[in-house]
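# Observations on chain architecture
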Amino acid sequence: MSDNKTLKAVDQKIFKSYFEDGLLDMFLAAFFLMFTVVLFLSVPLGDFWGTMIFLPFLGMVYLVLRYIRDPETGVDFPAKRLDTGLDWDDIVFAPHTREQLEELRAWLEHEKELLDGWQFRKYIKPGYRCLFYGPPGTGKTLTAGLLGKISGRAVYRIDLSQLVSKYIGETEKNLEKIFTQAEMRNWILFFDEADAIFGKRTTISDAHDRYANQGTSYLLQRIEDCPNVVILASNNKSNIDDAFFRRFQSTVYFPIPRKPERLKLWEQGFSPVSTLESDIQLEEIAEQYEMAGGAIMNVIRFASLMAIKKKSRVIAYDDLVSGIQREFNKEGRTV
Ligand SMILES: Nc1ncnc2c1ncn2[C@@H]1O[C@H](COP(=O)(O)OP(=O)(O)O)[C@@H](O)[C@H]1O
Ligand SMILES: [Mg+2]
């Protein structure tokens, strides 16, 4: 019985958003179609009006395209779908990170059973909110994308730092679009650089801050009410507002990988068509250079490009080391 109720509520919701998003377009399309047919029947082709027939026809094509397009191509849809060619087994996790991810994975797999089968829907808020935190390049985005892949859900990434500056004032309207679509289609929402907006609240000093703060309370509320899986990523856990912190179902730490994980990253990172120069000892390199997966991949890409440039398939030791040097320079570190 409660299942029926839920279904009905979902139907109503879908209908409502259909109405808001699609029905007006459909009315217009029908109107244009009728207009075209009437013109076509009443005016012989070849004269001025014959040419004009194509205007409503073009309008119709536009609307049909708009209707079937993926929402993300809209200029004012500030989310991008995360896609990855990698597989779950390609991620190198620290043991602790993998453990912390287990609850989220269990939720993705058994959410329905818990809420409906075990009838928890009336006791607990639907949705699952999770914080990923850790230095850049440690696999937060990659993991979010792959969680979608293994659970058959689309993952949409919203870059909050961009949103705040670009859509000031428009933020709420644009975000609302994302949430509506997400709820209908069971997307996973991934808020990247979340500290941009969930950061500790500043004093309201100027208009920009005021908007940011308004946006924040709206977002906090909207995320809390969202029945989906919402993942927030931050480079630094301590930047996140305490008020929000309590509302996460779980937090997952992505550390800079330690030696065994770094070794795995080096070992699996190179192309199968390349070979390593004999004086490259990955074991030593992993031991010596403390760096994140993203940086390791940058080095591998650099060294591989250098090999291709020399029309070779052998990765040179010198290129590898200068690649590492470049990564360290980027971060303002010395090798
Ligand atoms: N733990 C990891 N396992 C495998 N590859 C990784 C890992 N961390 C980073 N990478 C590589 O670095 C790239 C960038 O990582 P990303 O997920 O964007 O990091 P973050 O979102 O934490 O800044 C990934 O696409 C992947 O190729
Ligand atoms: Mg990222």
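Residues numbered from 1 in each chain as written. Chains lettered and ligands numbered in written order. Predicted model: local features only at pLDDT ≥ 70, side-chain atom pairs only at ≥ 80, totals over all residues.

### Structural notes on helix α13 (residues 293-309)
Given a rise of 1.5 Å per residue, 17 residues ought to cover 24 Å, and the 24 Å separating the end C-alpha atoms of α13 matches this to within 8%. Gly 293, Ala 295, Ile 296, Val 299, Ile 300, Ala 303 and Ser 304 are the residues of α13 that are buried. (Helix = DSSP H or I, 4+ residues; strand = E, 2+ residues; numbered from the N terminus. Expected span 1.5 Å × (residues − 1). Buried ≥ 20, exposed ≤ 12 C-beta atoms within 10 Å, placed from the backbone.)

### Quick notes on the nonpolar core
Side chains that are nonpolar tend, in soluble globular proteins, to be buried together. In terms of nonpolar packing, the biggest core is built from 35 residues, with Tyr 156, Ile 188, Leu 189, Phe 190 and Ile 231 touching the most fellow members. Elements supplying a minimum of two residues to this core: β2 (128-133), α5 (140-151), β3 (155-159), α7 (171-185), β4 (188-192), α9 (207-225) and β5 (229-234). Residues in contact with Tyr 156, not counting those within four places in the same chain, are Ala 79, Lys 80, Arg 81, Ile 178, Ala 182, Trp 187, Leu 189 and Phe 190. Membership of the second largest hydrophobic core comes to 17 residues, among which are Ala 286, Ala 295, Ala 303 and Ile 315. (Core = buried A, V, L, I, M, F, W, Y, C linked by C-beta atoms within 7 Å. Contact = placed C-beta atoms within 7 Å.)

### A word on the packing of helix α11 (residues 259-269) against α13
Contact geometry for α11 and α13: axes closest at 10 Å, N-to-C directions at 35 degrees. Every pair of crossing elements has a handedness; the one defined by α11 and α13 is right-handed. Contacts from Arg 262, Leu 265, Trp 266 and Gly 269 in α11 reach Gly 293, Ile 296, Met 297 and Ile 300 in α13. Each residue belonging to the contact of α11 with α13 can be placed in one class, and the counts come to 5 nonpolar, 2 polar and 1 charged. (Axes fitted to C-alpha atoms, helices over the stretch in contact; angles between N-to-C directions. Left-handed = near helix turned anticlockwise from the far one by under 90°. Nonpolar A, V, L, I, M, F, W, Y, C, P; charged D, E, K, R; others polar.)

### A closer look at the sheet that holds β5
As summarised here, the arrangement of the 6 strands in space is β1-β3-β4-β5-β2-β6, forming an open sheet in which the pairing is mixed. Looking at strand neighbours, the two that pair on one side only are β1 (80-81) and β6 (250-253), the edges of this open sheet. Relative to β5, β2 is paired through 6 bridges, and the arrangement is parallel. Considered in β5, the bridge of Cys 130 is made with Ile 231. (Pairing = 2+ DSSP bridges.)

### Considering helix α4 (residues 95-117)
With 23 residues, α4 should reach 33 Å at 1.5 Å per residue; the first-to-last C-alpha distance of 31 Å fits that figure. At His 110, α4 shows its maximal bend, which comes to roughly 70 degrees. With its phi angle positive at about 55 degrees, Gln 119 sits one or two positions after the end of α4. (Bend = angle between axes of the 7 residues up to and from the residue.)

### Quick look at the site of ligand 1
Taken together, 15 residues are adjacent to ligand 1, and Gly 139, Lys 140, Thr 141, Leu 142 and Gly 293 come closest. When contributions to the shell around ligand 1 are tallied by element, the ones reaching two or more residues are α5 and α13. Of the residues in the shell around ligand 1, the class split is 7 nonpolar, 6 polar and 2 charged. Each of two domains, domain 2 (80-253) and domain 3 (259-330), supplies a minimum of three residues to the shell around ligand 1. (Near = placed C-beta within 6 Å. Domains from an automatic or database assignment.)

### Focus on the environment of Arg 185
Mapping Arg 185 onto the fold places it in helix α7. Residues Arg 185 and Asn 228, spaced 43 residues apart in sequence, show a C-alpha to C-alpha distance of 9.5 Å.

### Remarks on the confidence of the model for the chain
Low-confidence regions, as indicated by low pLDDT, have predicted coordinates that should not be scrutinised in detail. In this model, the chain carries a mean pLDDT of 82, and residues with pLDDT of at least 70 account for 77%. In the model, residues 203-207 has pLDDT below 50 throughout and makes 3 contacts with residues more than four positions away in sequence or in other chains. (pLDDT = per-residue confidence, 0-100.)

### A word on the pairing of β4
In terms of residue burial, β4 counts as a mostly covered element, since 5 of its 5 residues are buried. Of the two faces of β4, the one lined by Ile 188, Phe 190 and Asp 192 and the one lined by Leu 189 and Phe 191 are each fully buried. Alignment of β3 against β4, held across 5 bridges, turns out to be parallel. Among the inter-strand pairings, Asp 159 is bridged to a residue of β4, identified as Asp 192. Inspection of the sheet shows β4 paired to β5 by 3 bridges, in the parallel sense. Considered in β5, the bridge of Phe 191 is made with Leu 232.

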